[in-house]
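These are the residues of each chain, in order.
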Amino acid sequence: MTDKFRENFGNWQKSFEKETKQSSVKANSDTDEGIEIKPVYTKDDLKKLSFVEENSLPGQWPYTRGPKASMYTNRPWTIRQYAGFSTAEESNEFYKKNLESGQKGLSVAFDLPTHRGYDSDDDLVMGDVGKAGVAIDTVEDMKILFNEIPLDKMSVSMTMNGAVLPVLSAFVVAGEEQNVKKNLLSGTIQNDILKEFMVRNTYIYPPEPSMKIVADIIEFTSKEMPKFNSISISGYHMQEAGADNVLELAYTLADGMEYVRAAMSKGLNVDNFAPRLSFFFAIGTDFFMEIAKLRAARTLWSKIMKDFGAKNEKSLILRTHCQTSGVSLTEKDPYNNIIRTSYEAMSAILGGTQSLHTNSFDEAIALPTDESARIARNTQLILQNETGVTKTVDPLAGSYFVESLTEELSQKAWEIIQEIEELGGMTKAVKAGIPKLKIEESATKKQAKVDSGNRVVVGVNKFKNPKEPSVDVRVIDNNKVRDDQIKKIEEIKGTRNQKAVEKSLSDLTNAAKENSNLLAYSIEAIKNRATIGEVSKALEEVYGRHFATSLSVSGVYGKHFENDEDFMNVKDKVEGFEKSNGRRPRVLIVKMGQDGHDRGAKIVATSFADMGFDVDMGPLFQSPKDVAKDAIENDVHAIGVSTLAAGHKTLVPELMKSLKELDPNSKMIVFVGGVIPEQDYDFLYKNNISAIFGPGSNIIESAEKVIDLISTNLE
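Every value quoted in this text rests on a predicted model; they were computed, and no experiment measured them. (Residues numbered from 1 in each chain as written. Predicted model: local features only at pLDDT ≥ 70, side-chain atom pairs only at ≥ 80, totals over all residues. Heavy atoms only, no water.)

Novice: What is the right way to look at the overall build of the protein chain in this model?
Specialist: On a plain count of helices and strands, the protein chain comes out with 27 helices and 14 strands. Here the C-alpha atoms of the protein chain give a radius of gyration of 26 Å, agreeing with the 27 Å that 2.2 N^0.38 yields for 715 residues. The principal-axis extents of the C-alpha atoms in the protein chain amount to approximately 85 × 70 × 50 Å. Counting the 715 residues in the protein chain, one finds 58% classified as buried. Partitioning the intrachain contacts of the protein chain with sequence separation of at least 6 by distance along the chain shows that 80% fall at a separation of at least 24. (Helix = DSSP H or I, 4+ residues; strand = E, 2+ residues; numbered from the N terminus. Rg over C-alpha atoms; globule rule 2.2 N^0.38 Å. Buried < 20%, exposed > 50% of the residue type's maximum accessible area, 1.4 Å probe, protein only. Contact = heavy atoms within 4.5 Å.)

Novice: Help me out: how do you make sense of the pattern of salt bridges in this one?
Specialist: Two side chains of opposite charge can pair, provided their charged atoms sit close to one another. If you walk through the whole model with that rule in mind, you get 47 salt bridges. The partner of Asp122 in a salt bridge is Lys537, and the shortest N-O contact between them spans 3.6 Å. Of this pair, Asp122 sits in the loop between helix 3 (112-115) and helix 4 (139-145) while Lys537 is found in helix 21 (residues 532-543), placing the two residues 415 residues apart along the sequence. Judged by relative accessible area, Asp122 falls into the buried class, the value being 15%. Ionic pairing is found between Arg374 and Glu371, a salt bridge with its closest N-O pair at 2.9 Å. Within this pair, Arg374 and its partner Glu371 are both found in helix 14 (residues 370-386), separated by three residues, close to a single helical turn. Among the charged side chains, a salt-bridge network with shared partners connects Lys212, Asp216, Glu219, Lys223 and Lys266. (Salt bridge = Lys/Arg side-chain N within 4 Å of Asp/Glu carboxyl O.)

Novice: So what exactly am I meant to see when it comes to the pairing of strand 6 (residues 231-234) here?
Specialist: Where a strand is regular, its side chains alternate between the two sheet faces. Because side chains alternate across strand 6, one face comprises the buried residues Ile231 and Ile233, and the other comprises Ser232 and Ser234, equally buried. Relative to strand 7 (residues 277-283), strand 6 is paired through four bridges, and the arrangement is parallel. Across the sheet, residue Ser232 finds its bridge partner in strand 7, namely Ser278. (Pairing = 2+ DSSP bridges.)

Novice: In this structure, what is going on with the environment of Lys513? I would like to understand it.
Specialist: Inspection of the secondary structure assignment puts Lys513 in helix 19 (residues 498-513). Along the chain, Lys513 and Ala691 lie 178 residues apart, while their C-alpha atoms are 50 Å from each other.

Novice: Explain the packing of aromatic side chains to me, please; I cannot follow it from the model alone.
Specialist: One pair of aromatic rings is described through two measures. These are the centre distance and the angle between the planes. Summed over the entire model, instances satisfying the criterion amount to 22 aromatic pairs. Taking 5.1 Å as the distance between ring centres and 25° as the angle between the ring planes, the aromatic pair formed by Trp12 and Phe16 counts as stacked. Of this pair, Trp12 and Phe16 both sit in helix 1 (residues 3-22), separated by four residues, roughly a single helical turn. In this structure Phe16 comes out as partly exposed when scored by relative accessible area, which is 30%. Members of the aromatic cluster, each reached through a chain of ring pairs, are Phe5, Phe9, Trp12 and Phe16. When the ring centre of Phe5 is taken as reference, the NZ or CZ atom of Lys43 above it lies at 5.9 Å. Above the ring of Trp61, the side-chain terminus of Lys306 is found at 3.8 Å from the ring centroid. (Phe/Tyr/Trp six-rings, centres within 6.5 Å; stacked < 30°, edge-to-face > 60°. Lys NZ or Arg CZ within 6 Å of the ring centre and 35° of its normal.)

Novice: It is not clear to me how the environment of Asp111 should be interpreted in this structure. Could you clarify?
Specialist: For Asp111, the location among the structural elements is in the loop between strand 2 (105-108) and helix 3. For Asp111, a relative accessible area of 0% gives the class buried. For the pair Asp111 and Ala132, spaced 21 residues apart in sequence, the C-alpha to C-alpha distance is 5.3 Å. At 2.6 Å, the side chain of Asp111 forms a polar contact with the side chain of Thr114. (Polar contact = N/O pair within 3.5 Å; in protein donor to acceptor, adjacent residues only side chain to side chain.)

Novice: Is there a simple way to think about the pairing of strand 10 (residues 586-591) in this case?
Specialist: Counting buried positions along strand 10 yields five of six residues, so the element is predominantly enclosed. Sheet topology note: the strand 10/strand 11 (residues 614-617) ladder contains four bridges and is parallel. Along strand 11, the bridge assignment pairs Val587 with Val615. Relative to strand 12 (residues 638-643), strand 10 runs parallel, the two being bridged by five bridges. Across the sheet, residue Val590 finds its bridge partner in strand 12, namely Val641.

Novice: Can you help me understand the packing of helix 11 (residues 287-307) against helix 15 (residues 400-422) in this one?
Specialist: Describing two packed helices takes the angle between their axes plus the distance from one axis to the other. Running from N to C, helix 11 and helix 15 cross one another at 55°; their axes reach a closest spacing of 8 Å. The pairing of helix 11 with helix 15 is recorded here as oblique in orientation. Where helix 11 crosses over helix 15, the two elements pack in a sense that is right-handed. Contacts between helix 11 and helix 15 involve Phe288, Met289, Ala292, Lys293, Arg295, Ala296, Leu300, Lys303 and Ile304 from the former and Phe401, Val402, Glu403, Leu405, Thr406, Leu409, Ser410, Ala413, Trp414 and Ile417 from the latter. Tallied by class, residues from the contact of helix 11 with helix 15 come to 13 nonpolar, two polar and four charged. (Axes fitted to C-alpha atoms, helices over the stretch in contact; angles between N-to-C directions. Parallel < 35°, antiparallel > 145°, perpendicular 65-115°, else oblique. Left-handed = near helix turned anticlockwise from the far one by under 90°. Nonpolar A, V, L, I, M, F, W, Y, C, P; charged D, E, K, R; others polar.)

Novice: Where do I start with the sheet that holds strand 11 in this structure?
Specialist: An order of 11-10-12-13-14 is seen for the five strands of this open sheet, with the pairing classed as parallel. Taken across any chain shown, the strands that pair with only one partner, and hence form the sheet edges, are strand 11 and strand 14 (691-693). Between one strand axis and the next, the sheet turns by 20° as a mean value, whatever way the strands run. Where strand 13 (residues 669-674) and strand 14 come together, three bridges link them in parallel fashion. Paired with Phe671 across the strands is Ala691, a residue of strand 14.

Novice: Help me understand unusual backbone geometry in this model?
Specialist: Excluding glycine, residues mostly carry a negative phi; peptide bonds, for their part, are mostly trans. Put simply, Trp61 and Pro62 share a cis peptide bond, and its omega is 0°. Its place among the elements puts Pro62 in the loop between helix 1 and strand 1 (78-83). For Asn201, which is not a glycine, the phi torsion comes out positive at approximately 70°. Taking relative accessible area as the criterion, Asn201 reaches 0% and is therefore assigned buried. In this model, Asp635 sits at a positive phi of 50°, which is unusual for a non-glycine residue. Mapping Asp635 onto the fold places it in the loop between helix 24 (624-633) and strand 12.

Novice: Help me understand helix 27 (residues 699-714) in this model?
Specialist: The α-helix winds at 3.6 residues per turn, so residues separated by three or four positions along the chain end up facing the same way. When the terminal C-alpha atoms of helix 27 are compared, their 23 Å separation across 16 residues agrees well with the 22 Å that a helix rising 1.5 Å per residue should span. Those residues of helix 27 lying buried are Ile699, Ile700, Ser702, Ala703, Val706, Ile707 and Ile710. Down the axis of helix 27, the buried set is contained in an arc of 160°. They therefore lie on one face. Summarising the geometry of helix 27, the exposed residues directed more than 90 degrees from the buried face are Glu701 and Thr712. Of the residues flanking the start of helix 27, the one acting as N-cap is Asn698, its side-chain oxygen 2.9 Å from the backbone nitrogen of Ile700. (Expected span 1.5 Å × (residues − 1). Arc of directions from axis to C-beta.)

Novice: Sorry if this is basic, but what is going on with the nonpolar core here?
Specialist: What tends to happen in soluble globular proteins is that the nonpolar side chains get buried as a cluster. In terms of nonpolar packing, the biggest core is built from 81 residues, with Leu249, Tyr251, Leu253, Trp301, Met305 and Met426 touching the most fellow members. Take this core: its biggest share by element is twelve residues, from helix 9 (residues 245-264). Not counting chain neighbours up to four residues away, the residues in contact with Leu249 comprise Phe281, Lys293, Ala296, Ala297, Leu300, Leu409 and Ala413. In terms of nonpolar packing, the next biggest core, distinct from the first, is built from 55 residues, Val139, Phe228, Leu508 and Ala511 among them. (Core = buried A, V, L, I, M, F, W, Y, C linked by side-chain atoms within 4.5 Å.)

Novice: How should the packing of helix 22 (residues 565-581) against helix 27 be read in this particular structure?
Specialist: Helix 27 packs onto helix 22 with a crossing angle of 20° between their chain directions and a minimal axis gap of 9 Å. In terms of orientation, helix 22 lies roughly parallel with respect to helix 27. By crossing handedness, the relation of helix 22 to helix 27 is classed as left-handed. Where helix 22 abuts helix 27, its residues Asp566, Phe567, Asn569, Val570, Lys573, Val574, Phe577 and Asn581 lie against Ile700, Ala703, Glu704, Ile707, Asp708, Ile710, Ser711 and Leu714.

Okay, here's the thing in structure tokens:
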């Protein structure tokens, strides 16, 4: 530090202290990542760099400033909007409209039965068909999905993990029957099963055989599909489940390391498959943190791949797709979400993403409408064409703050990666449940900050809109979609060569027993018109189905409210109930159907427990009958249903019906929380639901309402 700079810095310090003493507003420098944001950064902060190279250039090691030398000055990022609506026909029309309006790549969302390897006619998925994505039962659905969309020219991204073999097979066969050979297909299959065991839960088989399937796909595509990305290693769902940026970064890269090892165990040279690996990150509302995260991700991955012995420069480069945050979207004052999505998108761009999806403002309420999806797509078109962000590469490079933040994120993430390595890698860590618990702890802390007012969410806990706007939402007729899909399945089963189907499914089962590569056998079965469910069950015969053990954190929520009057008021009411009734109020928190997104349910369970409730957490994927049976057997006072995938209009009435059949005199109350359009409230109340809590509901206020309802109901 020069004498002149030391003098100037001292003068700044005095001015800063004087101004902050005079101000009644105090800035909050606390971050979820435990990184304290200093009020000023100088060139001295860059003396501490170890991961970040101060004089690095775009397209050069360690790629902090971008994977390509020219970045957006040569070609802007790909606009790749993620969508899937109920039927293949409806989704196909939506895709074609978007492509005509400037979208450059397709990104397919599948419904939950497809993710979980069930056909639409399975009784277990009656409330889930066509919800939260498109239903695909056979290759005929896949052909309709891409009708008049040339697969030799269009890059297609598919978010699929559990039923990855039959879905990828259907894509390959659809291409062949469109006269496009598999070596010409381009795009990405997510194929990232480890994060499913951590957060998203759309798995089918246990971890070990699931990892074998990942490796089989990497092996097959590296040899047969050179233009296709065999895996998209996803941190997105970790952040959506509550992970802070350090956890998302560390666990995503640790997953990537595990997949590299799995592929190398097949005898593949790292440079034969690594150039086709890709990543997928969430972009939340912490603007500079998200920018630094993408820069840190490239920096760390280049180091990791060098350690694996990669020689090809393309093997060292982390390429990523990004999506703006879904969990940052609010049901309250929803037009604010357009602003949130816009600056999240800018974060991704300044961080150097290769492609981007921008969420629609109404997705905290329901599936997006055509109009809201148009606004989301146009957000990217405006950023590309009107803001000037494509004129220079990595415009924030050299910023003392951004470079320091990139370094701190790198250091903290690397420490966690080393901890995972000491445990024996990510598969072992996932089996031990460690990442899942860490993410749940992070999610609970975040919710506590919002509920306590320590974190402002505009329109939710501060600056509330006294006149909430009415928003039109997309409505899916689940029963009609399911009936149509069942007719298609029956028609295909009535016309296919059944002997050929049975032989190809038997060959697939035997291949699993013999540890052969499964993708070729799966393609053959799909070509013969086997269904997604039949292929999944053929493998289930060997591998079985995975059922997770539900774990939860405790004490994390409550410690943020030790002296909070409202929190203590609820605790007092719970204690009063216990004195009057001889036991604490008992609540069963459940998910029903195939929706595995359990962040909300876990937060409610742990926060209610911290307020003194006796809380049971039901297993995932329960039917309404199972929930009713558990509730009555465990003599609970209330059932809390968490819903995210629009199944509430089918599953909740079934639950109420089952409760009445099992115990007509029950005084049990049922409350529902999650993504529920306001227009569905009357329907639920008519089905005797006692309370509805939409996204952004304050948990302490919700808990007080629940204890009051339980107490009143027992009088």
